[in-house]
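Listed below are the residues making up each chain.
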Amino acid sequence: MAVSSVHVLIVCVFLFLIHPLPSSANLQKTNKLLRSQLLEHTTGNIKPLNYTSPTVYFEVTKPIKIPKTKPCSYLVLQHDFGYTYGQPPVLANYTPPSHCPSQEFSKIIIEWKATSRGRQFDRIFGVWLGGVELLRSCTAEPRATGIVWTVRKDITRYYSLLLRKDKQELAVYLGNIVDKTYTGVYHVNITFHFYPTKDNFRYYNHKLNNLKMGSDSHADLILPISRKLPLYDGLWFEIENSSDTKSKDFKIPPNVYRAVLEVYVSFHETDESWYTNVPNDYILANNLTDTPGNGPFREVVVSIDGEIVGAIWPFTVIYTGGINPLLWRPITGIGSFNLPSYDVEITPFLGNILDSRFHKLEFSVTNALKVWYIDANLHLWLDDKRARTFGKLSMHESKPFALSLVSDFEGLNGKFVTSARRSIFSSGWVASSRGNITTTFYQHFGYNNYIKMGKNGDSQDVNQVISFNDSISFQKVSSYSQWMKSLKTFSFGTYSDNLDQQNGTLLLANVTLGFNEKKIFSSTDSGLVINFLNNHQDGQGVILVKDNLVVSGVGSTQQVYQYDDTNFCYSRNISSSNYVILYDKVKTSCNKYEQFHPDLNLHKLWPFETRRSSLAFEFPNNNEV
């Protein structure tokens, strides 16, 4: 790039010193450098022009379907999170909203609204009710003129918990640090919105349509699989290495006829960017001391009494300070404001645990480095006509995952190809007042990761695709059957580079992120229902470093979100650059000729090259980096 092209980048001059540039930097080192530099420099004392009100940050997602009834809203917590790191969670007493005219609700929404001003890192946080996690999220990084962001999540699946008559404790942990450098305090309001139902619907209607996945099904009892208060941290368990396991003893009522384990997962510190980690032999051969290893493959394993009942190959959530913080202002990364949870159907195993005894539920993370936060909620459906149900595990197969690693490197340059496969199958029956129902649960995973190190370790190219497929079937002898499939594809790509210029060094980081899902529901009484989701982001970020000073930078993001469930369609095509929305096109109508049906077999296209942005990319003229 010519020197004149570099000057196009200069949109703001910063006043703080940074750490020296590494001579052999992989993406992990570049990430750390970008996070520290941009945190310290982009929210300094220089006040940008044309910004007089707080910037609204947001995650692109479809609107929640809510009834036309007026909600009964309940402010459950208001708190300013200042220096809260290593402190107990903030607690509030919770009882159901007795002031609501109606006590029957068809939808319940949690709303997190926060503001902040100054300088601060992104912070992970969680919200628990009675030890049951309702929301896991990441804060936005503030700026000098202030920010505001809102997260709304459908929590109707926790209906029985939210409507319990006894007093419960709401706990919120957000570990923040406030000092002379990091000045951002998070001012938070948490509100529950209860939408009354118009008919005689009751959440515990025990018909076939209650055998659904996710938020469409409401369990009668939810047990927390989390740490108990008092604590000086979140209620999640912490997994610190590949041999670390965390467990909790639990006991279920004797009349359970269905059980689903909902698992929350997030990754931090050394493993925040696990999908870019290089193999250990590369680290040892090059005598690298500050480079995370164990390769790029991770899986969360869930066991009961030592038997693997399910696995999770997590989506690559990038937090609001990840890779290049300028990419996520104001459009945040997919899943960062509402981290996904993952359901594991353990109904086939009920025959093993319907004995009124305690059993052990255990978590581990394959190849883990420090640190993973994991906890779960055990959703249980109870037979209201029988004091006891009976069951038996008919078949279970969980073979060790198949992992393949091919390394080809010389010095700091090289290529690494990692592939993995796993299948888990279980089937069992439960006899209840609804008859003898056989439940079958099947998980199939595929994983492909390609890493290329170049320019003597200064550039890194990463492409990864995870296929994460679940299927569940319910079969009653000589009667109804129902099955559900969820076919998910998580795609990730990034390219980072350090480029020497006459007037400094350019640090470039590009990202592609995709979350595709196809859900299929089939039953004898409702036919076939199909939902499609395609969510894709591209981001390009560049900063210019001169004499250990960040002198300019830019981050641009484009996102296309498409959802179609036959009855409802929503699409959004949006782009931003350095806090400015360049375009935003929203469509809510369905056109049968334009309905989106994604091909989820993206693994067939692997390996592929991450789309690189030219260094001559025409950056918008903005007032602040």
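Quick caveat: nothing in here was measured; it's all calculated off a predicted structure. (Residues numbered from 1 in each chain as written. Predicted model: local features only at pLDDT ≥ 70, side-chain atom pairs only at ≥ 80, totals over all residues. Heavy atoms only, no water.)

1. Quick look at the nonpolar core
Inference 1: Judged by nonpolar contacts, the single largest core of 141 residues is most densely connected at Trp112, Trp149, Ile190, Phe192, Ile252, Trp372 and Leu378.
Inference 2: No other element matches strand E13 (residues 256-267), which puts nine residues into this core.
Inference 3: Discounting residues that sit within four places of it in the chain, Phe192 has contacts with Cys72, Ser73, Tyr74, Val76, Tyr94, Ile109, Ile110, Leu134, Ile155, Leu162 and Leu170.
Inference 4: Counting seven residues, the second-largest nonpolar core is a separate cluster that includes Leu506, Leu508, Val542 and Val551. (Core = buried A, V, L, I, M, F, W, Y, C linked by side-chain atoms within 4.5 Å. Buried < 20%, exposed > 50% of the residue type's maximum accessible area, 1.4 Å probe, protein only. Helix = DSSP H or I, 4+ residues; strand = E, 2+ residues; numbered from the N terminus. Contact = heavy atoms within 4.5 Å.)

2. Overview of the sheet that holds strand E3 (residues 90-94)
Inference 1: Spatially, the four strands line up as an open sheet ordered E3-E8-E5-E6, and their pairing is antiparallel. The open sheet has two free edges, formed respectively by E3 and strand E6 (132-138), since each of these has just one partner strand. Adjacent strand axes in the sheet meet at a mean angle of 15°, parallel and antiparallel pairs treated alike.
Inference 2: Inspection of the sheet shows E3 paired to strand E8 (residues 168-174) by five bridges, in the antiparallel sense. Bridging across to E8, Asn93 finds its partner in Glu169. (Pairing = 2+ DSSP bridges. Axes fitted to C-alpha atoms, helices over the stretch in contact; angles between N-to-C directions.)

3. Some words on unusual backbone geometry
Inference 1: Omega for the bond connecting Leu229 with Pro230 falls within 30 degrees of zero, at 5°, which places this linkage in the cis form.
Inference 2: Mapped onto the secondary structure, Pro230 falls in the loop between strand E10 (221-225) and strand E11 (237-239).
Inference 3: With omega at 10°, the peptide bond leading from Arg329 into Pro330 counts as cis.
Inference 4: With respect to the helices and strands, Pro330 occurs in the loop between strand E15 (307-312) and strand E16 (341-345).
Inference 5: Positive phi outside glycine occurs at Ile323, with the angle close to 65°.

4. Focus on the packing of aromatic side chains
Inference 1: Taken as a whole, this structure holds 35 aromatic pairs when the rule is applied.
Inference 2: Look at Trp112 and Phe125: their rings are 3.9 Å apart centre to centre, the planes differ by 15°, and that puts the pair in the stacked class. Of this pair, Trp112 sits in strand E4 (residues 105-116) while Phe125 is found in strand E5 (residues 124-129), placing the two residues 13 residues apart along the sequence.
Inference 3: Judged by relative accessible area, Trp112 falls into the buried class, the value being 0%.
Inference 4: Note on Phe125: relative accessible area 0%, which makes it buried.
Inference 5: Ring geometry for Phe297 versus Phe401: centroids 5.2 Å apart, planes at 40°, classification tilted. Within this pair, whereas Phe297 is found in the loop between helix H4 (280-285) and strand E14 (299-304), its partner Phe401 is found in the loop between strand E19 (390-398) and strand E20 (402-410), the two being separated by 104 residues in sequence.
Inference 6: Of the residues examined, Phe297 reaches a relative accessible area of 1% and is grouped as buried.
Inference 7: Taking the relative accessible area as the measure of exposure, Phe401 reaches 23% and is therefore partly exposed. (Phe/Tyr/Trp six-rings, centres within 6.5 Å; stacked < 30°, edge-to-face > 60°.)

5. Considerations on the sheet that holds strand E17 (residues 359-366)
Inference 1: An order of E12-E17-E14-E15 is seen for the four strands of this open sheet, with the pairing classed as antiparallel. Each of the sheet's edge strands pairs with one partner strand only, and the pair in question is strand E12 (245-250) and E15. For this sheet, the mean angle separating the axes of adjacent strands, direction not counted, is 20°.
Inference 2: Bridge count for E14 against E15 is five bridges, and the pairing is antiparallel. Its bridge partner lying in E15, Ile304 is registered against Glu307.

6. Quick look at the confidence of the model for the chain
Inference 1: When pLDDT is averaged along the chain, the result is 86; 82% of the residues meet or exceed 70.
Inference 2: Note that pLDDT drops below 50 for residues 33-49; the model gives that stretch 61 contacts with residues more than four away or on any other chain.
Inference 3: A low-confidence stretch, residues 600-625 stays under pLDDT 50, and its non-local contacts, those more than four residues away or across chains, total 79 contacts. (pLDDT = per-residue confidence, 0-100.)

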